[in-house]
Each structure stands twice: as structure tokens, then as C-alpha cells.
Amino acid sequence: QVQLVESGGGLVQAGWSLKLSCAASRIILDFNVINWYRQAPGKQRELVATCTNGGDTSYSHSVKDRFTISRDNTKNTVYLQMNSLKPEDTAVYYCNAGRWELETMSLSNYWGQGTQVTVSS
């Protein structure tokens with residue numbers, strides 16, 4: 001059973017920074033892709049940032065140039081550095097990992113429990 005554990009959320013003022021961590025219970029290079037999602041109250045879950053096992057990254061328009069996804073393969077941990085935070089960044093942030101299973105020809109999808117980020121104006 002794969003576990004993803006997020007940490008690093010909190011309450012900050014607009015313009016401040018936070019760094020979220022997602023620690024995996026297995027080698028993160030085993031995953032084809034690792035994502036950060038967020039969900040604000042009353043809104044749908046939104047894809048924020050993606051990192052493939054090849055190191056390619058992508059971001060949503062709303063966080064591009066402010067957020068950075070990175071990984072430390074030696075610690076099996078993925079990070080989300082969030083700078084210049086805005087009140088609209090307030091949400092629960094979730095780590096998600098996907099792995100293509102050759103044996104079953106299916107995608108295994110794993111989620112963490114989420115960490116709350118609150119940005120005050």
C-alpha cells in the first residue's frame with residue numbers, strides 16, 4: 001500500500017512563501033507522474049503542478065512563475081515551493097502520484113490526505 005503524506009501547510013499573509021512536502025512510502029521514481037492539486041471551499045479540485053519521472057514540469061496558469069515543483073529522489077519526497085502567495089491560493093493542497101502498472105495495463109492513482117494553506121489579505 002502506497003502512502004503519500006503532505007506537510008508544510010499553514011496560515012500566512014499575502015506575499016509570503018510556504019514550502020509543501022509530500023513524502024512517499026515508496027521510491028518516487030517508480031511513479032510516472034507526481035502532481036499537486038488544490039481544492040478551495042465550494043470549488044472543484046484543481047491541478048496546480050506536475051512533475052514527470054523524467055523531470056519535466058508544468059504549472060497551471062494561476063500559479064505559473066510563483067510556484068515550483070521539485071523532487072528529492074534520495075528522500076522520496078516531492079516539494080511545492082509557493083512564493084508571492086495570494087488569498088486566492090487558499091485551499092487544501094493534495095499530493096497525487098500515478099504509476100502505470102504493466103502487469104494489469106492500468107493506472108494506479110494515489111492521494112495524500114491534504115494540507116491546509118490559508119493566505120490572509
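Everything here concerns the structure above.
Source: prediction; values computed, not measured. (Residues numbered from 1 in each chain as written. Predicted model: local features only at pLDDT ≥ 70, side-chain atom pairs only at ≥ 80, totals over all residues. Heavy atoms only, no water.)

Draft legend 1. Examining the pattern of salt bridges more closely. Per the counting criterion, the structure on display carries 5 salt bridges. Residue Arg 26 pairs with Asp 30 through a salt bridge whose shortest N-O separation is 3.2 Å. With a shortest N-O distance of 2.9 Å, Arg 38 and Asp 89 are connected by a salt bridge. Placement of Arg 38 in strand β4 (residues 33–39) and of Asp 89 in the loop between β8 (77–82) and β9 (91–101) is noted, with a sequence separation of 51 residues between them. Put simply, Arg 38, Glu 46, Arg 66 and Asp 89 are held in one network by salt bridges that share partners. (Salt bridge = Lys/Arg side-chain N within 4 Å of Asp/Glu carboxyl O. Helix = DSSP H or I, 4+ residues; strand = E, 2+ residues; numbered from the N terminus.)

Draft legend 2. Local environment of the nonpolar core. Counting 29 residues, the largest nonpolar core has Leu 4, Phe 31, Trp 36, Phe 67, Leu 80, Met 82 and Tyr 93 as the members making the most contacts within it. For this core, the secondary structure elements donating two or more residues are β3 (18–24), β4, β5 (46–52), β7 (67–72), β8, β9 and β11 (115–120). Here Phe 31 is in contact with Val 2, Ala 24, Arg 26, Asn 53, Ala 97, Gly 98, Arg 99 and Tyr 110, once residues within four sequence places are set aside. (Core = buried A, V, L, I, M, F, W, Y, C linked by side-chain atoms within 4.5 Å. Buried < 20%, exposed > 50% of the residue type's maximum accessible area, 1.4 Å probe, protein only. Contact = heavy atoms within 4.5 Å.)

Draft legend 3. Just the state of the cysteines, in detail. Enumeration according to the criterion identifies 1 disulfide in this entry. Here Cys 22 is linked by a disulfide to Cys 95, with a sulfur-sulfur distance of 2.1 Å. As the torsion about the S-S bond is roughly -75°, the Cys 22-Cys 95 disulfide counts as left-handed. Here Cys 22 is found in strand β3, whereas its partner Cys 95 is found in strand β9, with 73 residues between them in sequence. Since its relative accessible area comes to 1%, Cys 22 is described here as buried. (Disulfide = S-S within 2.5 Å.)

Draft legend 4. Looking closely at the sheet that holds strand β1 (residues 4–7). Read across the sheet, 4 strands follow the order β1-β3-β8-β7 without closing on themselves; strand pairing throughout is antiparallel. In this open sheet, the two edge strands, each paired with only one partner strand, are β1 and β7. Neighbour-to-neighbour, the strand axes of this sheet turn through a mean angle of 15°, independent of strand direction. (Pairing = 2+ DSSP bridges. Axes fitted to C-alpha atoms, helices over the stretch in contact; angles between N-to-C directions.)

Draft legend 5. Quick look at the side chain of Thr 50. Following the sequence through the fold, Thr 50 ends up in strand β5. Within polar-contact distance, the side chain of Thr 50 engages the side chain of Asn 35 at 2.8 Å. The contacts of Thr 50, once residues within four sequence positions are left out, are Val 33, Ile 34, Asn 35, Asp 56, Thr 57, Ser 58 and Ile 69. (Polar contact = N/O pair within 3.5 Å; in protein donor to acceptor, adjacent residues only side chain to side chain.)

Draft legend 6. Broad picture of the pairing of β1. Residues Leu 4 and Glu 6 point to one face of β1 and are all buried, whereas Val 5 and Ser 7, pointing to the other face, are not buried. Of the strand pairs in this sheet, β1 and β3 are connected by 4 bridges, and their pairing is antiparallel. Bridging from a neighbouring strand, Glu 6 pairs with Cys 22 of β3.

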